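# Structural features, examined
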Amino acid sequence: MSVIGIDFGNESCYVAVAKAGGIETITNDYSLRGTPSCVAFSPKNRILGVAAKNQMVTNMKNTVFGFKRLLGRKFSDPHVQKELKHFPFKVEQRPDGGIGIRVNYLGEDNVFSPEQITAMLFTKLKDCATTALQTQINDCVISVPSYFTNAERSALLDAAAIAGLNVLRLMNETTATALAYGIYKQDLPAPEDKPRNVVFVDFGHSALQVAACAFNKGKLRVLATSSDPNCGGRDIDMALAEYFCQDFVSRLKLDARKNQRAFLRLLQEVEKLKKQMSANSTRLPLNIECFMEERDVSGDMQRQQMEQICADTFNRVERTLRGILHNAKLRPEDIHSVEIVGGSTRIPAVKALIEQVFGKQGSTTLNQDEAVSRGCALQCA
Ligand code: ATP
Ligand code: MG
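Please read these numbers as outputs of a predicted model, since none were measured by experiment.

## Section: the site of ligand 1
Neighbouring ligand 1 are 20 residues, the closest being Asn10, Lys68, Glu271, Lys274 and Ser278. Here an oxygen atom of ligand 1 and a backbone polar atom of serine 206 are 2.8 Å apart. Alanine 207 places a main-chain nitrogen or oxygen 3.3 Å from an oxygen atom of ligand 1. Relative to its unbound accessible area of 660 Å², ligand 1 is 92% covered by the protein chains.

What follows is the structure, encoded as structure tokens:
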């Protein structure tokens, strides 16, 4: 029997396992290492992960995503109300004040809690691991954002229990990253020597988390954390989508804000464009066929323009990066290195801010996407 480590991300999940030869990342039924945090319902079945994300646009009302942010919260929570604005699926208040997600499943109306939806995703991850490892899976370590409250942690544990997973430990995402770093570093200072201070920056889909850690051989101490739970890659997508919406209104008299499907497609396309802009500083095209009212649309954007449109997000990033120096009482020269993980640290403007704040380039010692799950798997070893 194996113990798995799960990184439950707002956009995607990764699963790793400790083996004799080291840590291995488990691939899913599509031979992919990441599984979208997406659960969908149809008249015939439940659709999970990659398959769920693939049919999102055509089954918008019954494809649930973004539920990591709903765990352990009440419907009336202002934070929840803010999230709801972006969902194409129906979310309502349950009699007990909790959150109900209303979908059509097997031809009937069903209301599921965020815990139940999360459990469905976990069942998928568990199944993939069972298939890959050819052994039964019961125990796991799951990562959570460092700012998760007790209510959020307890909701996550409920979800795991529904999925038949026994959680040995919930581990903070940044701690998992630090663990993944420490285990393979052969040159850490001896226990009696001055520790090596390393800052970890995880900029993901919905949140930014930073931690400062002190390492000696065999010893890891978290000095401080600093985070912005409301600043992530999705905020950049939203800002870019809003920009193109306005652009289409003024140039083409098409308002995508009035058409959920068009807006969802726009969000998917600007995310692709955003990733291309990370690698390319030239002007890049955006084309969507049959966008709405049977019309095609096109536009373009350059990296510099994106940086202006998303200035608010980058200001927040800078504030959180500076926050770690303050919280950990460290000066940039006290820091040995800054390790970057999370998909959104691939953005050049974010890399530039890291260099500006810490006086050194972010290093990519760790696998940017898999570090958190690997840290969780290590904890079980
Ligand atoms: P969270 O940690 O917030 O719960 P997550 O762990 O699912 O979410 P990640 O997988 O770390 O998030 O990152 C996903 C985000 O990174 C998405 O917003 C995605 O668009 C963004 N991203 C991935 N690659 C790139 C790239 N090359 N350039 C810009 N952004 C990128
Ligand atoms: Mg993450």
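## Brief notes about the sheet that holds strand β8 (residues 90-93)
Think of a sheet as strands paired side by side through backbone hydrogen bonds, with each pair either parallel or antiparallel. Taken together, the three strands give an open sheet; going across it, the order is β8-β9-β10, and neighbouring strands pair in antiparallel fashion. Each end of this open sheet is capped by a strand with a single partner; those strands are β8 and β10 (108-112). Going from strand to strand, the sheet's axes swing by 35° on average, the running direction of each strand aside. Looking at chain direction, β8 and strand β9 (residues 99-105) are connected through four bridges and run antiparallel. In the strand pairing of β9, lysine 90 is matched with arginine 102.

## Comments concerning the pattern of salt bridges
A pair can form between side chains of opposite charge whenever their charged atoms are brought close. Summed over all chains, the structure comprises 25 salt bridges. Linking arginine 73 and aspartate 77 is a salt bridge whose minimum nitrogen-to-oxygen distance equals 2.8 Å. A salt bridge links arginine 374 to glutamate 370; the shortest N-O distance between them is 3.9 Å. The class of arginine 374 is partly exposed, set by a relative accessible area of 21%. Several salt bridges share partner residues, and in doing so they unite Glu242, Asp255, Arg257 and Lys258 into one network.

## A look at empty space enclosed by the protein
One pass over the full model with this rule turns up one cavity of 30 Å³ or more. Space inside the largest cavity adds up to approximately 50 Å³. Cys13, Tyr14, Val15, Ile26, Thr27, Asn28, Arg33, Thr35, Leu125 and Cys128 are the residues that line the largest cavity. Secondary structure elements with two or more residues in the lining of the largest cavity: β2 (12-19) and α3 (114-133). Considering each element in turn, the lining of the largest cavity owes the most residues, three residues, to β2.

## Topic: the pairing of strand β13 (residues 196-203)
Of all eight residues in β13, eight are buried, a share of seventy percent or more. Neither face of β13 is left uncovered, since the one carrying Arg196, Val198, Phe200 and Asp202 and the one carrying Asn197, Val199, Val201 and Phe203 both have all their residues buried. When β13 meets strand β14 (residues 208-216), the two strands line up antiparallel, connected through eight bridges. Paired with aspartate 202 across the strands is glutamine 209, a residue of β14.

## Quick notes on the sheet that holds strand β5 (residues 38-41)
Ordered in space as β6-β5-β7, the three strands form an open sheet in which the pairing is antiparallel. One side of each edge strand has no neighbouring strand; the edge strands of this open sheet are β6 (46-48) and β7 (63-65). When the angles between neighbouring strand axes are averaged without regard to direction, this sheet yields 20°. Summarising the sheet, β5 and β6 pair through three bridges and their orientation is antiparallel. Within β6, the residue paired with alanine 40 across the bridge is isoleucine 47. Docked against the sheet, α3 engages β5, β6 and β7, running at close to 105° with respect to β5.

The rules behind these values
Residues numbered from 1 in each chain as written. Chains lettered and ligands numbered in written order. Predicted model: local features only at pLDDT ≥ 70, side-chain atom pairs only at ≥ 80, totals over all residues. Heavy atoms only, no water. Near = heavy atom within 4 Å. Polar contact = N/O pair within 3.5 Å; in protein donor to acceptor, adjacent residues only side chain to side chain. Areas by Shrake-Rupley, 256 points an atom, 1.4 Å probe, with all protein chains shown as cover. Pairing = 2+ DSSP bridges. Helix = DSSP H or I, 4+ residues; strand = E, 2+ residues; numbered from the N terminus. Axes fitted to C-alpha atoms, helices over the stretch in contact; angles between N-to-C directions. Salt bridge = Lys/Arg side-chain N within 4 Å of Asp/Glu carboxyl O. Buried < 20%, exposed > 50% of the residue type's maximum accessible area, 1.4 Å probe, protein only. 1 Å grid on protein atoms, 1.4 Å probe; cavity = no way out; pocket = protein on both sides within 12 Å on 5 of 7 lines; lining within 4 Å. Points joined across faces, edges and corners; volume = space filled by probe spheres on them. Contact = heavy atoms within 4.5 Å.

All quantities given are derived from atomic positions and should not be read as evidence of function.
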